[in-house]
Amino acid sequence: MAAGAPRLLGLRAAGLLRAACVGPARASRSVLGVAARPGVAWMPSRCGSSAAEAPATKADDSFLQWLLLLIPVTAFGLGTWQVQRRKWKLKLIAELESRVMAEPVPLPADPMELKNLEYRPVKVRGHFDHSKELYMMPRTMVDRAREAGRISSTESGAFVVTPFHCTDLGVTILVNRGFVPRKKVNPETRQKGQVEGEVDLTGVVRLTETRKPFVPENNLERNHWHYRDLEAMARTTGADPIFIDADFKSTVPGGPIGGQTRVTLRNEHMQYIVTWYGLCAATSYLWFKKFLHRTPGV
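The rules behind each value
- Residues numbered from 1 in each chain as written.
- Predicted model: local features only at pLDDT ≥ 70, side-chain atom pairs only at ≥ 80, totals over all residues.
- Heavy atoms only, no water.
- Salt bridge = Lys/Arg side-chain N within 4 Å of Asp/Glu carboxyl O.
- Helix = DSSP H or I, 4+ residues; strand = E, 2+ residues; numbered from the N terminus.
- Buried < 20%, exposed > 50% of the residue type's maximum accessible area, 1.4 Å probe, protein only.
- Expected span 1.5 Å × (residues − 1).
- Patch = residues over 30% accessible without salt bridge, like charges linked within 9 Å, V, L, I, M, F, W, Y side chains within 5 Å.
- Areas by Shrake-Rupley, 256 points an atom, 1.4 Å probe, with all protein chains shown as cover.
- Pairing = 2+ DSSP bridges.
- Polar contact = N/O pair within 3.5 Å; in protein donor to acceptor, adjacent residues only side chain to side chain.
- Contact = heavy atoms within 4.5 Å.
- Phe/Tyr/Trp six-rings, centres within 6.5 Å; stacked < 30°, edge-to-face > 60°.

**Student:** I tried to follow the pattern of salt bridges on my own but got confused; where do I start?
**Tutor:** Pairs can form between side chains of opposite charge whenever their charged atoms are close. The tally for this structure, following the rule as stated, stands at 7 salt bridges. We note a salt bridge from Glu118 to Arg206, for which the minimum N-O separation is 3.6 Å. Taken together, the residues Glu118 in the loop between strand S1 (105-106) and strand S2 (121-128) and Arg206 in strand S6 (residues 199-206) connect sequence positions 88 residues apart. For the pair formed by Glu118 and Arg206, the shared burial category is buried. Its salt-bridge partner being Glu217, residue Arg211 comes within 3.2 Å of it at the nearest N-O pair. According to the relative accessible area criterion, Arg211 is partly exposed, its value standing at 40%. Among the ionic contacts, a cluster of salt bridges with common partners joins Glu118, Arg206 and Asp245.

**Student:** What should I look at first to understand helix H5 (residues 269-292) in this one?
**Tutor:** Owing to its 3.6 residues per turn, the α-helix aligns residues three or four sequence positions apart on the same side. Between its terminal C-alpha atoms H5 stretches 33 Å, which fits the 34 Å expected from 24 residues at 1.5 Å a residue. Burial in H5 covers these residues: His269, Ile273, Cys280, Thr283, Trp287 and Phe291.

**Student:** Which parts of the structure should I look at to understand a nonpolar patch on the surface?
**Tutor:** Taken together, the side chains of Phe63, Leu64, Leu67, Leu68, Leu70 and Ile71 present a nonpolar region at the surface, about 550 Å² in accessible area. In this structure, Leu68 sits in helix H2 (residues 47-100). Take Leu68: its relative accessible area is 34%, and that puts it in the partly exposed class.

**Student:** How should I be thinking about the pairing of strand S4 (residues 156-166) in this particular structure?
**Tutor:** Along a regular strand, successive side chains alternate from one face of the sheet to the other. S4 sits mainly inside the fold: 9 of its 11 residues count as buried. Pairing of S2 with S4, which is carried by 3 bridges, proceeds in the antiparallel orientation. Across the sheet, the residue bridging to His127 is His165, located in S4. Two strands pair when backbone bridges link them, and strand S3 (residues 134-140) and S4 are joined in this way by 5 bridges, in the antiparallel orientation. If you follow Thr140 over to S4, its bridge partner there is Ser156. Relative to strand S5 (residues 171-181), S4 runs antiparallel, the two sharing 10 bridges. Its bridge partner being in S5, Val160 is matched across the sheet by Gly178. A loop of 4 residues connects S4 with S5, the two strands running antiparallel in sequence, and Gly170 in this loop sits at a positive phi of about 75 degrees.

**Student:** It is not clear to me how unusual backbone geometry should be interpreted in this structure. Could you clarify?
**Tutor:** Where the residue is not glycine, phi is negative for most of them; where a peptide bond is considered, it is trans in most cases. A cis geometry characterises the amide bond from Met137 onward to Pro138, with omega recorded as -5 degrees. Position of Pro138 among the secondary structure elements: in strand S3. You will see that Tyr119, though not glycine, has its phi angle at about 70 degrees, which is positive. Mapped onto the fold, Tyr119 is located in the loop between S1 and S2. Given the relative accessible area of 10%, Tyr119 is considered buried. Non-glycine residue Phe214 carries a positive phi angle of around 75 degrees. Mapped onto the elements, Phe214 comes out in the loop between S6 and strand S7 (224-225). We classify Phe214 as exposed; its relative accessible area is 85%.

**Student:** How should I be thinking about the side chain of Thr237 in this particular structure?
**Tutor:** Among the secondary structure elements, Thr237 is positioned in helix H4 (residues 230-237). A residue is classified by how much of its surface remains accessible, and Thr237, at 6% relative accessible area, is buried. At 3.4 Å, the side chain of Thr237 and the backbone nitrogen of Ala239 are in polar contact. Once you skip the residues sitting within four places of it in the chain, Thr237 turns out to touch Lys132, Leu134, Pro163 and Leu174.

**Student:** When you look at the packing of aromatic side chains in this model, what are you seeing that I'm missing?
**Tutor:** The description of an aromatic ring pair rests on the distance of the ring centres and on the angle between the ring planes. Evaluation of the coordinates by the stated rule reveals 4 aromatic pairs. Note on Phe76 and Tyr277: the rings are 5.6 Å apart at their centroids and 40 degrees apart in plane angle, and the pair reads as tilted. Residue Phe76 is found in helix H2, and its partner Tyr277 is found in helix H5; the two are separated by 201 residues along the sequence. The class of Tyr277 is partly exposed, set by a relative accessible area of 30%. A ring pair is formed by Trp287 and Phe291, whose centres lie 5.7 Å apart and whose planes are at 45 degrees; its orientation type is tilted. On the criterion of helical spacing, the pair formed by Trp287 and Phe291 is a turn pair, its members being 4 residues apart in helix H5. Accessibility classification places Trp287 together with Phe291 in one group, the buried group. Aromatic rings pair up to connect Trp66, Trp287 and Phe291 into one cluster.

The structure is reproduced here in structure tokens:
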């Protein structure tokens, strides 16, 4: 018994030393209820890391939520803007129509006054200079019946622009006498319609134009004018940069058909209103479905 005591004490000491080396790992494993396996090192749990990542993910979702909300909000704003634009365009069209129907006034002596008189009827007296005709082409005829949609003729031709010397004012202006078909562009084919002597004329004031996209440049060598460049027309004919469209009453047999003033303006704002408000409604529904009406458990 006495002889075995040292051996027993040695075994106990060895056991305590081993327990000191592996005790912390076993103690930790025992807390989790999992026994330690020989040769496997213990690693700390990542539960704390996952808990820290959760707020970051939530913040990302919140940022995405408010970012996507900009789509329906922007679409609604653009739709409302188009509503205001449509009101403005309808008012402008009404003003132009009332201006065209107004009583004609004498052509102002000061060209600067014409800037506020576009589409306003004016009356002049004088004579034409048919030797300096200009041709705006290609053009199709404008008349009341066709504008109302009852005639669909699309015969191509030209507008005949002729210098007109105003006797009272002492200036020469440009007058769009009206439409002639392509086969009648040459003045030799319509000698009967070349008005001679002094005449009283009523027309609508028109201002200069800027070339729109895809519209060709004016061809001065061929005398083909695709848009109304008053400065260039005035230099070519020696007239002042004043332009009027002669009314329908100026038409004479064999001559150009007057009244070639188109008063319509593009008004496509209703299409834009439907498009933007429709996009707003669709994206609002998808946003509500995604962020506010989530399926439980997802």
